[in-house]
Amino acid sequence: MLVTVLTADGERVRARPPRDRTTPVIGDRVALVEDGGVSRVAEIARRERVFVRPNAQGGQLVAAHVDRLVIVTAVEPGPRPGLIDRMWIALGDQPIEVVLVLNKCDLPGTEAAAAELADHVAAGAELVRTSTKSGEGIAALGARLARGLSLLVGHSGVGKSSLINALVPSAALATGAVNALTAKGRHTTTVATCHALAPDHLIVDTPGVRAFPLEGLALAEVASRFPGIGAHAARCHFAHCLHEGEPGCAVEAPDSLVPAQRLSRYRTLISSLREEAALARGPKPGERRGREKGPPPRRR
Ligand SMILES: Nc1nc2c(ncn2[C@@H]2O[C@H](COP(=O)(O)OP(=O)(O)OP(=O)(O)O)[C@@H](O)[C@H]2O)c(=O)[nH]1
Ligand SMILES: [Mg+2]
Ligand SMILES: [Zn+2]
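Calculation criteria
- Residues numbered from 1 in each chain as written.
- Chains lettered and ligands numbered in written order.
- Predicted model: local features only at pLDDT ≥ 70, side-chain atom pairs only at ≥ 80, totals over all residues.
- Heavy atoms only, no water.
- Buried < 20%, exposed > 50% of the residue type's maximum accessible area, 1.4 Å probe, protein only.
- Helix = DSSP H or I, 4+ residues; strand = E, 2+ residues; numbered from the N terminus.
- Core = buried A, V, L, I, M, F, W, Y, C linked by side-chain atoms within 4.5 Å.
- Domains from an automatic or database assignment.
- Contact = heavy atoms within 4.5 Å.
- Near = heavy atom within 4 Å.
- Polar contact = N/O pair within 3.5 Å; in protein donor to acceptor, adjacent residues only side chain to side chain.
- Areas by Shrake-Rupley, 256 points an atom, 1.4 Å probe, with all protein chains shown as cover.
- Nonpolar A, V, L, I, M, F, W, Y, C, P; charged D, E, K, R; others polar.
- Donors = N, O, S within 2.8 Å, 3.2 Å for Na, K, Ca; no water.
- Pairing = 2+ DSSP bridges.
- Axes fitted to C-alpha atoms, helices over the stretch in contact; angles between N-to-C directions.

(A) Highlighting helix α1 (residues 81-90). A large share of α1 lies buried, amounting to eight of its 10 residues. If you check which residues of α1 are buried, you get Pro81, Leu83, Ile84, Asp85, Arg86, Met87, Trp88 and Ile89. Downstream of α1 by one or two residues, Gly92 has phi in the positive range, about 65 degrees.

(B) Spotlight on the nonpolar core. Phe51, Leu69, Ile71, Met87, Leu151, Val251 and Tyr266 are the most contacted members of the largest nonpolar core, which has 48 residues in total. Shared between two domains, this core holds at least three residues of each, these being domain 2 (51-205) and domain 3 (219-281). When near neighbours in sequence (up to four residues on either side) are disregarded, Tyr266 contacts Ala223, Phe226, Ile229, Leu242 and His243. Counting 18 residues, the second largest nonpolar core, distinct from the first, contains Val72, Leu145, Leu173 and Ile203.

(C) Seen up close, the site of ligand 1. Residues in contact with ligand 1 amount to 22 residues; listed here are only the nearest, Asp106, Thr132, Ser156, Ser162 and Thr189. Between an oxygen atom of ligand 1 and a side-chain N or O atom of Ser131, the distance comes to 3.5 Å. At a separation of 2.6 Å, an oxygen atom of ligand 1 approaches a polar side-chain atom of Ser162. Protein chains bury 91% of the 660 Å² of accessible surface belonging to ligand 1 in isolation. Top element by residues in the shell around ligand 1 is helix α5 (residues 160-167). It accounts for three residues. When grouped by side-chain class, the residues that make up the shell around ligand 1 number three nonpolar, 15 polar and four charged.

(D) Region of interest: the coordination of the magnesium ion (ligand 2). Surrounding the magnesium ion (ligand 2) are the protein donor atoms Ser161 (OG) and Thr189 (OG1), at 1.9 to 2.1 Å. Of this pair, Ser161 sits in helix α5 while Thr189 is found in the loop between α5 and β11 (193-198), placing the two residues 28 residues apart along the sequence.

(E) Structural view of the sheet that holds strand β3 (residues 30-35). Ordered in space as β1-β2-β4-β3, the four strands form an open sheet in which the pairing is mixed. The open sheet is flanked by β1 (3-6) and β3, the only strands paired with a single partner. Each adjacent strand pair in this sheet contributes to an overall mean axis angle of 50 degrees, direction not counted. When β1 meets strand β2 (residues 12-16), the two strands line up antiparallel, connected through four bridges.

Next comes the structure, spelled out in structure tokens:
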């Protein structure tokens, strides 16, 4: 399988993957060599600022050298703040900025949807309101993404591919109607694609996510990375405080600056992660699963 390499002068070169069979990913910085008349990737620079989409196999590397995670939400299907938290946490402490987009602002319900995002704005994300139908905010978004590599992520059907088509007309990406019954997208995009406006102006489309597990991440890490909580946790008495009633917890203190709604989202996430981890571990020895579901055993 050949890969497309964008050279510093903006030329596109088709090249063979490296001999060691490492698969280059979007955003990789590579060195090319000529090998029997064809180009080949000789070397991939150390990957920094990566975005990994978690899965049961330990995660899929989506892109490297990511400057900006653009979390796209929409008025319909509406924002899910819990998903935003998970994606934000997945960035860890890498220097990747988070930009929130609220798309489909031509639809009724825009203010209610924007209110769902208010806490993430308070926690430091910039919000850009857009509509690919009316053109609102498209120029502002284009200006915001004018440098570096921007990775668009979000639920299926929020309009990631439509936004890229509006920003990069040559992209001509397929888009798909949202299911009228379930109000969910149809997972139209199936592979990540990179759209280059210049060598340092890359916009990446990705397939819509259904869920975003955070397997393998310690709860203490989740606590320290949670949007708008990590910074306040520095004042907790214990270094690995989970803000669950520990003595000297600054996040739960009466004078805490963490809004109640944010703390409640944090608690929901921690308990979901505990449940997900228990499910992944399977039943404990001696614990009979399957009995929980279905009718109780009949007495003879
Ligand atoms: N009303 C309205 N509809 C939009 C807007 N942007 C996109 N859509 C529609 O939303 C649907 C989904 O758009 P896509 O661009 O395919 O969404 P996506 O996020 O790429 O979806 P996946 O590839 O499945 O992850 C399409 O029917 C678009 O025409 C918008 O600003 N307003
Ligand atoms: Mg798409
Ligand atoms: Zn605490």
